[in-house]
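Take a look at the letters that make up each chain.
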Amino acid sequence: MSVELPVFKGEVSGAHRLELVPEPPEGRDRVVLRSVDVAGRTPPAPALGDLVPTDLGAPELYLNRELTYLNFCWRVLHEAEDERIPLLERVKFIAIVSSNIDEFFQKRVGGLKQQVGAQLHKVTPDGRTPQQQIVDGLELITRLEARKMQILDKLLGELRAVGVWIAPFKELDPPQQAWVREHYLHNIFPLVTPQAMDPAHPFPFVSNLSLNLLVSLRYENDSEPLLARVKVPSSGGTPRFLRLGTSRTFVDLADVIANNLDLLFPGMEIEACSKFRVTRNAVTERDEEEAEDLLEMIEIELRERRFAPVVRLQVDKVMQPTLRGRLAAELGLDEQSDVFEAEGMLGQRDLMELATLDIPELRDPPHAPVPPIDLLSDGSIFHAVREAKHLMVHHPFESFQQSVERFLREASDDPKVRAIKMTLYRTSKDSDVIKHLVRAARNGKQVAVVLELKARFDEEANIKWATRMERAGIHVTYGVVGLKTHTKIILVVRNDYDGLRRYAHLATGNYHAGTARLYTDLALFTCDDAIGRDLTELFNYLTTGYKPRRKYQKLLVAPKQLKQALLEKIEREIALQGGGGRGHIQWKLNGLEDVDIVRALYRASLRGVTIDLIVRDTCRLRPGLDGVSSTIKVVSIIGRFLEHERIYYFHNGGKPEYYIGSADAMQRNLEKRVEVLVPIEDPRLQAELRNILDTQLTDQRGAWDMLSDGSYVQRSGAGAKHSQQQAIERTERRLKEATRLRRRKVQSTARRKR
């Protein structure tokens, strides 16, 4: 039996490849593969073994969720070393990967450590215990961090060559050092609070992700060593990197403090100074079914998270072993497994400050979203939706402000609008969305908001929004006990000329103006009566939690029916293929993790169904395995914008079905969240979704092909355009053509009036 591996055009870049070895002995039903090193590919999944089973229940067929996410970080890191990308944009990817690793420790490692502590030994679908996942994850992270440091060193050298320099304080000339010291003394020094560590001063609390100095010092002519901790105040408006006047030279604030310790400890002798940083567990969820007040429970969780156990201690290379051991002991850590020595800068997520510098020649060409092509009318947005019945916008290529915010703004002021119902998962700090809802309530409209308090790392902001909205008279509820409300929907009830009509917005992305400029997302505006009735039913469920036999005509709603519907549609494609037709499935997702879905896709592949998957990060499925998944291809798109749309396509015997929505094919989305997929039935809008899928599947610039060993290879077509750049250019062409046709229509109408 032979194995047919994917063929890649252009230069292969990666760390591993699969190589065929001799035919297995007679009677064996497994394919033998082994890993061989080559340059430029992301690492394969660890510990897969040489044998590839064909039994669909075998753990070797299901990659680990945590490790596949780290592989995504490798792909993002590759952008930082891609010389086709401007320098500051490459720095941005260093910051993004650093932030992702921080969150991985907070959420993933933190949760796994809790399982180990609770002596939970249940294995994952890929056969790993919690402890095995920690060990394998840390091995990958160690390699990832080492590679990231190599890339950053090279990047900083290239930046200095074009005049952008993060200068060590000691390498500044005396006038520059004097200027920095004076600036620090007057603008930052009052914020710095040294804390002693001795019997009279217990070990201080160290906040999550804060950057700190550990100072060893003593009084002059005194041999007794003393210790102090100094927190670097690089938050709340204080930059991490101090700029020397209007120059392009910067100094790390931690370096400034370390070289001016005489201001904090006058007359004392500084023996050593080293940096450290802690990461705390973010998994502090309580049982909400036992909570009398959900808002109060989340506030308690936030306080607990602030003081949660430390899961990682990072120290710089110069820290003395005895001090490192003392820090680990004070924080309750195992020095061998929980302490990480850094070669270079700690807290590299702060490099985002430099990545956003206004230096056009070192940045991507500026991108401004264009006015939504389907909403060019100057009249009421409701008239535009009613006339077309279905409209669609694509962010960030089309404007969030001129679509979503316009929809809410007009709804808040339109005297014919009677009610606005909306879900909120995340929104921006200074949200116009909230302002429009508040104005609507003050204008006497019924406004109901289902706010998800448990949106990870946004809980505090959502509590503040809940309080503000309730004070404005908005009916705020927190969804259904035991489920996160992740769906993104708005329902506006308007008294039209022929009675009440429902207008809806259903989206793949959050109601967040900031991420709408950075994430690719889709949204449907519709006045379809069946969808409107479904949303009314759904909001009644969300605002009460009651579970009568609710029926939905068009929407696929989780956790009630979505997973089962997807499985049934996969089976339908299998039946069509088996009946001599063509079975074809194409999905674009953020993650593919649900084992039942993966197994169904394997089964479809075995029956000959063609399956194309565009999966941004986590992917349990192994494509390209003969006898298991030979008809499945998995592509990951990495680029300037974060890919965030979810599109589900089924060929359905030539009667294509398209869905968009907030749900990934992950167990948490399908079983533990309220999610919605909405059908896209308008052929014109289907054609737009078809263009997105086709463009990304054929992308030769930003696409990575997943191999059966879990590694990825980036495509490298010479001179090819990234699918995101193609989307920018196509949207601009569509706008130009729509504007031309609209101008012609206006001129024709004017001539008729004359």
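None of these values were measured; they are calculated from a predicted model.

A. Summary view of the nonpolar core. If you look at the biggest cluster of nonpolar residues, it comprises 91 residues, and the most contacted ones within it are Leu-351, Trp-587, Leu-592, Leu-601, Leu-613 and Leu-621. Counting residues in each nonpolar core, the second largest holds 44 residues, with Val-404, Leu-437, Ala-472 and Tyr-503 among its members.

B. Examining the sheet that holds strand β4 (residues 165-166) more closely. Across the sheet, which stays open at both edges, the three strands sit in the order β4-β9-β8 with mixed pairing between neighbours. Because the sheet does not close on itself, it has two edges, and the strands there are β4 and β8 (241-243). Bridge count between β8 and strand β9 (residues 249-252): three bridges; the pairing is antiparallel. When the bridges of β9 are listed, Arg-243 appears paired with Phe-250.

C. Fine view of the sheet that holds strand β12 (residues 339-342). Pairing is mixed in the open sheet, where six strands are placed in the order β5-β7-β6-β10-β11-β12. Each end of this open sheet is capped by a strand with a single partner; those strands are β5 (194-196) and β12. In this sheet, adjacent strand axes meet at a mean angle of 30° when their direction is disregarded. Bridge count between strand β10 (residues 268-280) and strand β11 (residues 310-316): five bridges; the pairing is antiparallel. Along β11, the bridge assignment pairs Thr-279 with Arg-312.

D. Main features of empty space enclosed by the protein. Within this structure, the stated rule accounts for three cavities of 30 Å³ or more. Counted as a void, the largest cavity has a volume near 80 Å³. Elements that contribute at least two residues to the lining of the largest cavity include exactly β19 (499-507) and β20 (519-526). Ranked by residue count, the leading element in the lining of the largest cavity is β20, at three residues. In terms of residue class, the lining of the largest cavity is made up of seven nonpolar, six polar and one charged. There is about 40 Å³ of room inside the second largest cavity. If you go around the second largest cavity, the residues you meet are Thr-487, Lys-488, Ile-489, Leu-506, Ala-507, Ile-660, Gly-661, Ser-662, Val-676 and Val-678. Residue assignment for the lining of the second largest cavity shows that the elements contributing at least two residues are β18 (488-496), β19, β27 (657-661) and β28 (673-679). Tallied by class, the residues present in the lining of the second largest cavity amount to six nonpolar, three polar and one charged.

E. View of the packing of aromatic side chains. Evaluated as defined, the whole model comprises twelve aromatic pairs. Ring plane angle 70° and centroid distance 5.9 Å describe the contact between Tyr-62 and Tyr-602, whose orientation is recorded as edge-to-face. Residue Tyr-62 is found in the loop between β3 (51-52) and α1 (65-80), and its partner Tyr-602 is found in helix α16 (residues 595-606); the two are separated by 540 residues along the sequence. Judged by relative accessible area, which is 2%, Tyr-62 ranks as buried. The exposure class assigned to Tyr-602 is buried, which follows from its relative accessible area of 0%.

F. Summary view of the confidence of the model for the protein. Per-residue pLDDT for the protein has a mean of 89; in total, 90% of the residues score no lower than 70. Below a pLDDT of 50 lies the segment residues 1-39, which in the model reaches 89 contacts outside its immediate sequence neighbourhood of four places, other chains included.

G. Expanded view of unusual backbone geometry. Omega for the bond connecting His-395 with Pro-396 falls within 30 degrees of zero, at 5°, which places this linkage in the cis form. With respect to the helices and strands, the residue Pro-396 is situated in the loop between β13 (390-395) and α11 (401-413). Between Ala-558 and the following residue, Pro-559, the backbone shows a cis peptide bond with an omega angle of 5°. Looking at the secondary structure, you find Pro-559 in the loop between β21 (556-558) and α15 (562-578). Of note in the backbone geometry, Ala-47 takes a positive phi value of approximately 60° without being a glycine. Mapped onto the fold, Ala-47 is located in the loop between β2 (31-37) and β3. Judged by relative accessible area, Ala-47 falls into the exposed class, the value being 75%.

Rules behind the numbers
Residues numbered from 1 in each chain as written. Predicted model: local features only at pLDDT ≥ 70, side-chain atom pairs only at ≥ 80, totals over all residues. Heavy atoms only, no water. Core = buried A, V, L, I, M, F, W, Y, C linked by side-chain atoms within 4.5 Å. Buried < 20%, exposed > 50% of the residue type's maximum accessible area, 1.4 Å probe, protein only. Pairing = 2+ DSSP bridges. Helix = DSSP H or I, 4+ residues; strand = E, 2+ residues; numbered from the N terminus. Axes fitted to C-alpha atoms, helices over the stretch in contact; angles between N-to-C directions. 1 Å grid on protein atoms, 1.4 Å probe; cavity = no way out; pocket = protein on both sides within 12 Å on 5 of 7 lines; lining within 4 Å. Points joined across faces, edges and corners; volume = space filled by probe spheres on them. Nonpolar A, V, L, I, M, F, W, Y, C, P; charged D, E, K, R; others polar. Phe/Tyr/Trp six-rings, centres within 6.5 Å; stacked < 30°, edge-to-face > 60°. pLDDT = per-residue confidence, 0-100. Contact = heavy atoms within 4.5 Å.

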